[in-house]
Amino acid sequence: MKIWKRNCKILIHLLISLFFISICTKSLFSNELIYEIRGNNFTDSDVILSLLTKIPDEVNEEYTNDIIKKLNQSNLFSDINVIIEKNKYIINVVEFPSINKLYFEGNERLEDEELNTIATEIRLLNFNKNSIKLYINEITNLYESFGYNNTQINYTIQLFKEKNTIDIYFNIIEGDITKVSNIFINGNKSFLAQEIKQKINSKTKSIRNIFANNNFKPYVVEQDKFQIIKFYKNNGFLDVNAEYKVEYLKSNKVNLYFNIDEGNIYSLSSINIEDKEDILKPDVLEKINLELEKYLLKENKSFSIENIQKIRERITTIIFDNDIEFIEITTSDKIEGNKISIIFNVNSISPKYTKQINIIGNYRTLDYVIRRELDIVEGDAIYHAQIDKIKQKLISLNLFESVEIREEKLEDNLVNLIIDIKEKQTGSFNAGVSVGTLDGFSVVTGLRERNFYGTGRSLDVLINTSEDKNEFKLITTDRLSTQNNADLSYKINYKQQDLSKSSSYKLDTFTTGIGIGYLLNENLF
């Protein structure tokens with residue numbers, strides 16, 4: 001009997017506990033948000049839910065707009081709508097077809113592999129008009145970088161409904177390369193047009209310059225504008241402005257017009273150094289002041305941004321050579337009329353060290369070609385002045401369209417240095433024929449390449465052959481080693497002349513040479 005009573009008490013306690021648990025459980029589930037996704041035949045529900053952020057605690061009508069916005073940004077669905085039923089969001093989606101394969105026709109300049117790489121880079125995974133438009137724009141821009149400015153791209157599709165996949169067939173009409181016919185410089189009062197043309201990369205072809213690359217590239221013309229502005233500013237014209245206009249001709253050629261507003265010319269009145277923290281020792285300060293006086297004694301007193309940067313680098317070198325580290329030199333100026341005073345401010349900074357140096361964007365140029373231009377390695381201290389110098393050195397190689405260097409902060413005083421480069425075309429191939437009274441029919445072929453197979457080696461080959469004369473010329477230059485800035489050049493020139501008709505003899509000439517080029521002083525102003 002006692003056992004039965006005890007079992008009854010235990011049973012009653014269990015029933016009461018189950019009752020309260022059921023009430024609590026019912027309350028929790030009644031307040032829980034439920035998401036029901038419909039129409040996702042090929043996209044997993046968990047993947048869709050992972051795209052949603054800032055989920056509210058309870059059903060909210062305004063949140064339906066956020067759901068639609070987030071899912072639209074995924075580029076996975078052609079249509080999305082959301083319905084609320086009690087504590088449930090019902091999300092109805094219509095999926096874009098997944099891209100199975102891309103096919104290309106008519107692409108001679110670009111390989112299929114290159115076009116597929118672009119698709120991978122922009123994540124062209126689903127068939128939607130915005131993504132396809134972006135992809136076509138990327139291909140068009142790439143063609144323009146090679147001088148093809150009339151490229152037309154169309155496409156057709158083949159849909160496989162059972163798998164919701166699609167094949168896309170692109171038909172590319174490349175067109176001909178647009179050439180630069182003439183370059184006109186307007187508004188240049190202080191410099192000759194020919195001098196300005198030497199500063200820009202757009203060229204015209206002439207008898208004197210038969211191997212000039214006169215392909216019209218919009219991005220190069222944009223760069224030319226800034227090259228002109230830079231040239232003027234380095235000669236004291238700080239208020240200069242330059243614009244350009246492109247005239248398209250029916251012959252698939254263009255005329256380029258650069259219009260320059262020179263503005264006033266500025267001169268340098270004084271340069272001083274300021275050391276408020278007393279970082280510099282008296283002997284170091286004396287060396288710096290001697291350097292500044294030497295610069296001011298130069299005859300050319302026009303203000304030059306480039307020269308100011310060089311003398312700042314020179315001052316930084318003097319300070320580092322005297323075992324003073326972790327400093328930064330900032331520049332301030334004071335303008336009075338057309339005269340400028342420069343002050344270099346020396347400030348102490350917290351030390352930073354490089355953990356890794358990562359190079360990105362060099363799809364063609366080998367890593368070592370870039371790394372040999374760096375004055376630092378992993379583990380070295382890094383300063384802003386060094387970063388500026390590295391950027392200038394890489395740009396001066398004339399291998400890259402742009403160079404960006406940024407720091408990726410890590411824990412403590414460590415940073416990763418990211419060197420992001422964008423490569424540009426570095427070579428040209430030309431061929432031509434001519435008929436003359438002296439040489440008769442002749443063929444001229446030439447190849448110029450500044451980055452042969454991504455090694456940084458320059459190559460210049462010329463073949464000139466006619467009935468009475470044959471000439472072959474080869475010039476190549478490369479860095480002597482990765483440890484110095486010396487360039488080693490080889491030259492071979494072979495000329496064969498048949499003068500038997502006019503002078504009764506033949507002449508064969510072979511010359512070869514070797515040379516070393518080395519930067520003796522980069523601090524000449």
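Preceding this paragraph is the structure being described.
Conventions used here
Residues numbered from 1 in each chain as written. Predicted model: local features only at pLDDT ≥ 70, side-chain atom pairs only at ≥ 80, totals over all residues. Heavy atoms only, no water. Patch = residues over 30% accessible without salt bridge, like charges linked within 9 Å, V, L, I, M, F, W, Y side chains within 5 Å. Areas by Shrake-Rupley, 256 points an atom, 1.4 Å probe, with all protein chains shown as cover. Salt bridge = Lys/Arg side-chain N within 4 Å of Asp/Glu carboxyl O. Helix = DSSP H or I, 4+ residues; strand = E, 2+ residues; numbered from the N terminus. Buried < 20%, exposed > 50% of the residue type's maximum accessible area, 1.4 Å probe, protein only. Core = buried A, V, L, I, M, F, W, Y, C linked by side-chain atoms within 4.5 Å. Contact = heavy atoms within 4.5 Å. Pairing = 2+ DSSP bridges. Axes fitted to C-alpha atoms, helices over the stretch in contact; angles between N-to-C directions.

## Considering a nonpolar patch on the surface
Residues Ile463, Phe472, Ile492, Tyr494 and Phe510 make up a contiguous nonpolar surface patch of about 420 Å² in total accessible area. Here Phe510 lies in strand β21 (residues 505–517). According to the relative accessible area criterion, Phe510 is exposed, its value standing at 53%.

## A look at the nonpolar core
Grouped together as the largest cluster of nonpolar side chains are 22 residues, with contacts concentrated most on Ile288, Ile319 and Phe344. The set of elements that each furnish at least two residues to this core consists of β10 (267–274), α8 (282–296), α9 (305–321), β11 (327–336) and β12 (339–348). The greatest single-element share of this core, amounting to five residues, is contributed by α9. In this view, Phe344 contacts Ile271, Asn272, Ile273, Glu274, Leu292, Ile308, Ile311, Arg312, Ile315, Ile329, Thr330 and Thr331; residues no more than four positions away in its chain are not counted. Formed by 21 residues, the second largest nonpolar core is a distinct cluster that contains Ile99, Leu102, Tyr135 and Ile172.

## Some words on the sheet that holds strand β1 (residues 34–38)
Taken in spatial order, the three strands make up an open sheet running β1-β3-β2, and their pairing is mixed. Two strands lie at the open edges of the sheet, namely β1 and β2 (77–85), each paired on one side alone. Pairs of neighbouring strands in the sheet enclose a mean axial angle of 20°, with direction left out of account. Along the sheet face, helix α3 (residues 63–73) touches β1, β2 and β3 (88–95) and points at about 160° away from the line of β2.

## A few points about the sheet that holds strand β6 (residues 165–173)
One open sheet accounts for three strands, arranged β4-β6-β5; its pairing is mixed. Every other strand in the sheet has two partners, leaving β4 (98–105) and β5 (152–160) as the edge strands with one partner each. On average, each strand axis in the sheet is inclined to that of its neighbour by 20°, with strand direction left out of account. Bridge count for β5 against β6 is nine bridges, and the pairing is antiparallel. Within the sheet, the bridge partner assigned to Phe160 lies in β6 and is Thr165. Contacts between helix α4 (residues 112–121) and the sheet are confined to β4 and β6, with β4 contributing the most and set at about 145° to the helix. Along the sheet, helix α5 (residues 129–145) contacts β4, β5 and β6; its crossing angle with β5, the most-contacted strand, is approximately 145°.

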